[in-house]
Amino acid sequence: QVHIVESGGGLVQPGGSLRVSCAVSGFTFESYYMAWYRQAPGKEREVVARISSAGGMTNLADSVKGRFTISRDNAKNTVYLQMNSLKPEDTAVYYCNTPRRSLPWGQGTQVTVSS
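Starting from 1, residues in each chain are numbered consecutively following that chain's sequence as written. Note on the predicted model: pLDDT of at least 70 is required for a residue's local features to be given, and 80 or more for side-chain atom pairs to be given and counted; whole-chain, interface and lining totals, by contrast, use all residues. Side-chain measures were taken over the full set of non-hydrogen atoms in the model, leaving aside hydrogen atoms and water.

**Re the state of the cysteines**
Point 1. Pairs of cysteine sulfur atoms within 2.5 Å are what we label disulfides. The full count for this structure, using the stated rule, is one disulfide.
Point 2. Between Cys 22 and Cys 96 runs a disulfide, and the two sulfur atoms are separated by 1.7 Å. Placement of the pair is Cys 22 in strand S3 (residues 18-25) and Cys 96 in strand S9 (residues 92-97), with a sequence separation of 74 residues. Of the two residues, Cys 22 and Cys 96, both sit in the buried class. Runs of E in the DSSP output that reach at least two residues are strands. Runs of H or I that reach at least four are helices, and both are numbered from the N terminus. Whether a residue is buried, partly exposed or exposed follows from its accessible area with a 1.4 Å probe, protein chains only, as a fraction of its type maximum: under 20%, in between, or over 50%, in that order.

This is the structure:
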């Protein structure tokens, strides 16, 4: 049974940094591309970053390019999102899944950017 646990969110001031993590179990993690998504209140869930199975290729949404970095540790079945220069518009619940959204969603981790 697949289980996803996102963690690391919190309250941060504009311009600050956070690293969120996503641990996946019950899944051949190392064989799949992974992605980070976010959902702000009243908005649809959107993809913000993707990473290839071995971690050699990444893709970021224009809104976060140059500020966010996605990485993964296949030995730990974990994908990370390092977020720098955070803006209030980055406030959302952050989730991970495959790019095809093929796994059951975790509970997400809340990131709030506010002074």
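**What about the packing of aromatic side chains?**
Point 1. Side-chain rings of Phe, Tyr and Trp, where Trp is taken by its six-membered ring, are said to pair if the distance between their centres is within 6.5 Å; with planes under 30 degrees apart they count as stacked, over 60 as edge-to-face, and otherwise as tilted. Inspection of the entire model under this criterion finds three aromatic pairs.
Point 2. Ring geometry for Phe 27 and Tyr 32: centres 4.6 Å apart, planes at 35°, overall tilted.
Point 3. Owing to a relative accessible area of 36%, Tyr 32 belongs among the partly exposed residues under this scheme.
Point 4. Taking 5.2 Å as the distance between ring centres and 85° as the angle between the ring planes, the aromatic pair formed by Tyr 37 and Trp 105 counts as edge-to-face. One end of the pair, Tyr 37, is in strand S4 (residues 34-39); the other, Trp 105, is in the loop between S9 and strand S10 (109-113), with 68 residues separating them in the sequence.
Point 5. The exposure class of Trp 105 is partly exposed, given its relative accessible area of 33%.
Point 6. Taken together through their ring pairs, the aromatic side chains of Tyr 37, Tyr 95 and Trp 105 make up a single cluster.
Point 7. In this structure, Arg 45 packs its charged tip against the face of Tyr 95, placed 3.8 Å from the ring centre. Cation placement over rings: the criterion is NZ of Lys or CZ of Arg within 6 Å of the ring centroid and within 35° of the ring normal.

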